[in-house]
Amino acid sequence: MRAAAWDDTAPPAEGWVPVTLPDSWGPRWPGFDGVVWYRLTWEQPAPVRDTGLLLHYLNMAGEVSLNGTPISRDPSLVEPLTRAWNTPRYWLLAPPLLRPGSNTLLVRVSGLSAYQAGLGPVDLGPPATLQAAFEQERIVRRDLQVLGLALSAAVSAFFAAAWLLRRRETAYGWFALMSVLWLLFGYNQIATSPWPFADNHGWQALNTSLLLLFDVAYLVFALRFCQTRKPRLEAFALLVAAAGVLDLWLASGAGLPAHRAAWTLVGGLTAIAVNCGAIVHALRHRGSPMRSLAPFMAVSAAAAGHDLLVFTQVIDSNTYYTTMSSYVLLLGMAMTQAARFVQSLDRIEHFNTELIEEVNAAKSELAVTLAQQHALALAHARIGERVNLVSDLHDGLGGMLLGSIATLERRPEALSAPQLLAMLKSLRDDLRLIIEATGQSEGPLAFGELLAPLRHRISESLDASGIDCRWQVTGIETLELPPSQSLELLRFLQEALTNVLKHSASRRVDVRVQCADGALELGVRDDGRGFAVEAAAKGQGAGLRSLHARARRLKAELRLASRPGETQVVLRMPLGTVG
C-alpha cells in the first residue's frame, strides 16, 4: 500500500495490492518517492515456539513491527534517508511477541523510485537455519564489502609506494589511483548515510562521478601495463568522463536519476570494454605482461556484466558482485608481481653465476697482468736506479773531474804530488757519499758535515777558474737528514755550481744555505751572461733536467731567474719531506 505522505505513521485500511517478494515499486508506481507499506500475515500453530525472522534487505530505509510492536527502525525515514539498502536483518521471535494464530508483520519502507525502492525476500522458519542464512547474507552484503575496501586501501598504498620508488613504472601509479577511486566508489556498499550531502541524489551523483573517473584510470592502467600508449583514446575517455561529471552535477534533483542511470551504464560498459580489450591484447601478444592478469580481468568483466543486469533490473536482485570481484583483480596483480619478483630473482641468480665466472676470469687475467707489471716495475726500478746513479756520477764525480781537469789544464806544472793526491781523495770521498746514499749507511747524517768538504772542493775548482765564490751558511748546525736527501741536496748544489763553471762566464758566485721557518733553502747567484729561462725550459739540457728531477724527488720548490749579469737558482725544501 502506498502512503499519502512521508510522515504517515499508520497504513490505510483499504487499497492493498498483493505482491511477490522481492518487490521494487518503481515499475508499478513510476517516479514515486515516499513511503510504501508492506503487510505480511501468517498462521502460527500452537504451542508457540521460538521462530526466526530474516529480512534480506529493504531499500532505502524502514521500520518493522510485529503484531503492532515495533522491532526495528532506521535512524532517518525522511531525506536524507538512512542508506540501509544493503543491510540484512534477523530477529528471534518468541512469546508474547509471537502469538498462536494470525500474526502480522508490517514493514514501512521509505525509498526513492529511481534507486530500486522496495522490499526484499522475507523468510520465517527455524532459528538455527535462519541464523545461518543471516550470517551468510551478512558476509556477502557487508563483511566481504568491507574486506574489499580494506584491500583496496592497502593495495593502493603499496602500489603508490612502488610508483614513488620507481617513477618509470607508471602502471603502478595508475593502479594506485584507480584503487583509491574504486575504494571511494565501493564505499557506497556500506555507507549508512548520504553525508555530506543533504539528500541521496547528491550522493548518487558523487558515486557515479567516481565510477567514470575510475574508468579513465582503469583504461590508462591497462594501456601502461600492456606497455603501450594511445593518447587519442586516453584523451577521449577523459573527455567523456569530464562531460559525465559535469552533466551529473548540473542536473536537477528530479532529473538526476535519469542522468545517473545513463552515466552508470556508460561507466559499467566502459569497465567491461577495458577488461575485454585487455583480454584480446593478451591473446594476441604472447610476450605481453597482460597475459598473467587477463584471467582475473575476465572474472571482473563477468561481475560487471552481472551488476549491470541487476542495475537495469533484468535480474531481480540487489546483490552486487563487482566490489567483491576486486579481490580477484588484486589477487591477479599480487600474483603478477610475485611472478615478476621470482623472474627477477632468477635473473639475479644467473647474473651472480655469470658474474662469479667473469670475476674469476678477470682475476686470472689480473694475476697475469700484475705479474707482467711487477716484472716491468722491477725493470723500470733497475733502469731508474741506473739513471739516478748516472745522474749522481754526472753531478758529483763529473763536476769534480771537470774542475780537476780545468786545474790541470791551467797549471799542470804547479801541481805537486800532494795536491794530486788531494784531488783523488776528493773523488774517493764523493764516491763514498754515493755509496752511503744508496743504503749502505743507516740513520740520518749531519748535513753540515757533508756540506763542508763539498764546499771546500767546489771553492777550489771555482777559484782555479778565476771565479770568486762566497758562501753564506746559517742554521744548519743541528740539521740531520737521511743519506738519500743529503745526497740529492749536495748534488743539486754541485750541478748548479758546475753549470756556473761551464756556461756562465761569470766572475763571482754567491752560495746561500739557510735553514729557517721549517724549511731548508739553497741558493746560487752568479753575475754571468745569463740565459733565456723559457727557451731553456723547452730544450733542457742534462744540467737543467737534473735540477728539476732532484727538486721533484725532494718535493721541493725550484725557482729559476736569469738575465744578463744575474742568474739565480733557488731550491726551497720543507723539512720533514721524505726524499
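It should be emphasised that the depicted structure is a prediction, and the values quoted were computed from it without experimental measurement. (Residues numbered from 1 in each chain as written. Predicted model: local features only at pLDDT ≥ 70, side-chain atom pairs only at ≥ 80, totals over all residues. Heavy atoms only, no water.)

(A) Fine view of the overall build of the protein chain. A tally of regular secondary structure across the protein chain gives 12 helices and 17 strands. Considering the protein chain as a whole, with its 579 residues, one finds that 44% of them fall into the buried category. In the protein chain, the share of contacts with a sequence separation of at least 24, taken over all contacts with a separation of at least 6, comes to 76%. When the accessible surface of the protein chain is totalled, it reaches about 29,900 Å², and 61% of it is carbon and sulfur. (Helix = DSSP H or I, 4+ residues; strand = E, 2+ residues; numbered from the N terminus. Buried < 20%, exposed > 50% of the residue type's maximum accessible area, 1.4 Å probe, protein only. Contact = heavy atoms within 4.5 Å. Areas by Shrake-Rupley, 256 points an atom, 1.4 Å probe, with all protein chains shown as cover.)

(B) Highlighting the pairing of strand β7 (residues 89–93). Taking burial as the measure, the 5 residues of β7 include 4 buried ones, the bulk of the element. Where strand β3 (residues 51–55) and β7 come together, 5 bridges link them in antiparallel fashion. Bridge pairing in β7 links L53 to W91. (Pairing = 2+ DSSP bridges.)

(C) Seen up close, the pattern of salt bridges. Tallying each qualifying case throughout the model produces 16 salt bridges. A salt bridge links D510 to R508; the shortest N-O distance between them is 3.3 Å. Among the residues examined, R508 registers a relative accessible area of 33% and is labelled partly exposed. The network of salt bridges with common partners includes R508, D510, R525, R563 and E566. (Salt bridge = Lys/Arg side-chain N within 4 Å of Asp/Glu carboxyl O.)

(D) The packing of aromatic side chains, seen in detail. Scanning the model with the defined rule gives 13 aromatic pairs in all. Consider the rings of F159 and Y172, whose centres lie 5.6 Å apart with planes at 55°: the pair is tilted. Of this pair, F159 sits in helix α1 (residues 127–165) while Y172 is found in helix α2 (residues 170–186), placing the two residues 13 residues apart along the sequence. Each of the two residues, F159 as well as Y172, counts as buried. Through successive ring pairs, a cluster of aromatic residues spans F158, F159, Y172, F175, F221 and F225. The ring centre of W16 lies 4.2 Å from the NZ or CZ of R39, which sits over that ring. The ring centre of W163 lies 4.8 Å from the NZ or CZ of R167, which sits over that ring. (Phe/Tyr/Trp six-rings, centres within 6.5 Å; stacked < 30°, edge-to-face > 60°. Lys NZ or Arg CZ within 6 Å of the ring centre and 35° of its normal.)

(E) Structural context of a nonpolar patch on the surface. Together, F351, L355 and V359 make up a nonpolar patch on the protein surface, roughly 260 Å² of accessible area in all. Examined against the element boundaries, F351 turns out to sit in helix α7 (residues 322–410). According to the relative accessible area criterion, F351 is partly exposed, its value standing at 49%. (Patch = residues over 30% accessible without salt bridge, like charges linked within 9 Å, V, L, I, M, F, W, Y side chains within 5 Å.)

(F) Structural context of the sheet that holds β3. Judged by pairing direction, the sheet is antiparallel, and its 3 strands sit side by side in the order β7-β3-β10 without closing on themselves. The two strands at the open ends of the sheet, each matched to only one other strand, are β7 and β10 (122–125). In this sheet, adjacent strand axes meet at a mean angle of 15° when their direction is disregarded. Sheet analysis places β3 next to β10, joined by 4 bridges and oriented antiparallel. (Axes fitted to C-alpha atoms, helices over the stretch in contact; angles between N-to-C directions.)

(G) Highlighting the side chain of T264. Turning to its location among the elements, T264 is positioned in helix α5 (residues 256–284). T264 sits in the buried class, given a relative accessible area of 12%. In this view, T264 contacts T208, L211, L308 and F311; residues no more than four positions away in its chain are not counted.

(H) Molecular detail of the side chain of N499. Turning to its location among the elements, N499 is positioned in helix α10 (residues 483–504). What makes N499 buried here is its relative accessible area of 17%.

(I) Focus on the confidence of the model for the protein chain. The predicted model of the protein chain has a mean per-residue pLDDT of 84, with 87% of residues at 70 or higher. Element-level pLDDT for the protein chain is lowest in helix α8 (residues 417–440), with a mean of 64, against a maximum mean of 95 in strand β5 (residues 61–66). (pLDDT = per-residue confidence, 0-100.)

(J) Structural context of the packing of helix α3 (residues 200–225) against helix α4 (residues 231–250). Contact geometry for α3 and α4: axes closest at 9 Å, N-to-C directions at 175°. It follows that α3 is roughly antiparallel to α4 by the angle criterion. Facing α3, whose interface residues are G202, A205, L206, T208, S209, L212, V216, L219, V220, L223 and R224, α4 presents L233, E234, A237, L238, A241, G244, V245, L248 and W249. Here the residues of the contact of α3 with α4 sort into 14 nonpolar, 4 polar and 2 charged. (Parallel < 35°, antiparallel > 145°, perpendicular 65-115°, else oblique. Nonpolar A, V, L, I, M, F, W, Y, C, P; charged D, E, K, R; others polar.)

(K) View of the environment of L77. Relative to the helices and strands, L77 resides in the loop between β6 (69–73) and β7. Since its relative accessible area comes to 5%, L77 is described here as buried. Sequence spacing of L77 and M60 is 17 residues, and the spatial spacing of their C-alpha atoms is 8.7 Å. The contacts of L77, once residues within four sequence positions are left out, are W6, A61, G62, E63, R108 and S110.

(L) Inspection of the sheet that holds strand β1 (residues 23–24) at higher detail. Taken in spatial order, the 3 strands of this open sheet run β1-β9-β4, and their pairing is antiparallel. Taken across any chain shown, the strands that pair with only one partner, and hence form the sheet edges, are β1 and β4 (58–59). Here 2 bridges tie β4 to strand β9 (residues 118–119), and the two strands are oriented antiparallel to one another. Within the sheet, the bridge partner assigned to N59 lies in β9 and is G118.

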